[in-house]
Amino acid sequence: MSQPVAVLVGTMGAGKTTVGRLLAATLGVTFLDSDHAVEARAGKPVQEIFVDDGEAAFRTLEREAVAAALDEHDGVLALGGGAVLDPATRALLEGHAVVFLRVGLSDAVKRVGLGAGRPLLLGNVRARVKQLLDERTPIYEGLARISVDTDGRSPQDVAAEIAAGLDRLPHRTEER
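Just so it is clear, the model here is predicted, and its values are computed rather than measured. (Residues numbered from 1 in each chain as written. Predicted model: local features only at pLDDT ≥ 70, side-chain atom pairs only at ≥ 80, totals over all residues. Heavy atoms only, no water.)

1. Remarks on the packing of helix H6 (residues 105-112) against helix H7 (residues 125-143)
Okay, so step 1: Packing of H6 against H7 brings their axes to within 10 Å, and their N-to-C directions diverge by 125°. In terms of axis orientation, H6 runs oblique to H7. Judged by the sense of rotation from one axis to the other, the crossing of H6 with H7 is right-handed. For the pair formed by H6 and H7, the contact residues are Leu 105, Ser 106, Ala 108, Val 109 and Val 112 on the first element and Val 125, Arg 126, Val 129, Lys 130 and Leu 133 on the second.
Okay, so step 2: In the contact of H6 with H7, the residues fall into seven nonpolar, one polar and two charged. (Axes fitted to C-alpha atoms, helices over the stretch in contact; angles between N-to-C directions. Helix = DSSP H or I, 4+ residues; strand = E, 2+ residues; numbered from the N terminus. Parallel < 35°, antiparallel > 145°, perpendicular 65-115°, else oblique. Left-handed = near helix turned anticlockwise from the far one by under 90°. Contact = heavy atoms within 4.5 Å. Nonpolar A, V, L, I, M, F, W, Y, C, P; charged D, E, K, R; others polar.)

Spelled out as structure tokens, the structure:
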């Protein structure tokens, strides 16, 4: 049984996928995005799951995909922004090297643009991103062993800070 070397959490626009790929390359491991794992399980894109089956069905698939990845993936894992809303997922994240990528409202809005392909951003993008940040930031902070600010920084700089932070974490010796 293996586990991820780092689990990236944060709201949409934090840079989890971009930074995660760079971090994985830096560490010489593979990268997995939980949304891509959900799409592979469902056989269709996240947007179609939301439209065809609803958010509850997506969250069930997400919970299963994240649980499997936490148990099997030995690289860098990026979680969808809402994955941490599930209490079972939060419990599974205990003991993992969870990294919170903190992003401010203006940078997040710039990065997600008009929200194309993001089912939770229908309507007023800025107001919705603010709501998601307000709701989820305390959860991310509570789970994180490392928190990194991403505003105004290059993904390479953020990945380098995470790699250095991972080196400073105490290594787990006991089996889960």
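2. Quick word on the pattern of salt bridges
Okay, so step 1: Applying the stated criterion across every chain, the model contains 11 salt bridges.
Okay, so step 2: Put simply, Arg 102 and Glu 141 hold a salt bridge, and the shortest N to O gap is 2.7 Å. Of this pair, Arg 102 sits in strand E4 (residues 98-102) while Glu 141 sits in helix H7, placing them 39 residues apart in sequence.
Okay, so step 3: Here Arg 102 falls in the partly exposed class, since its relative accessible area comes to 27%.
Okay, so step 4: What you see here is one network of salt bridges that share partners, running through Lys 44, Asp 52 and Asp 53. (Salt bridge = Lys/Arg side-chain N within 4 Å of Asp/Glu carboxyl O. Buried < 20%, exposed > 50% of the residue type's maximum accessible area, 1.4 Å probe, protein only.)

3. Some points on the side chain of Thr 150
Okay, so step 1: Here Thr 150 lies in the loop between strand E5 (146-149) and helix H8 (155-168).
Okay, so step 2: Taking the relative accessible area as the measure of exposure, Thr 150 reaches 2% and is therefore buried.
Okay, so step 3: When near neighbours in sequence (up to four residues on either side) are disregarded, Thr 150 contacts Ala 14, Leu 101, Arg 102, Val 103, Asp 107, Arg 111 and Val 158.

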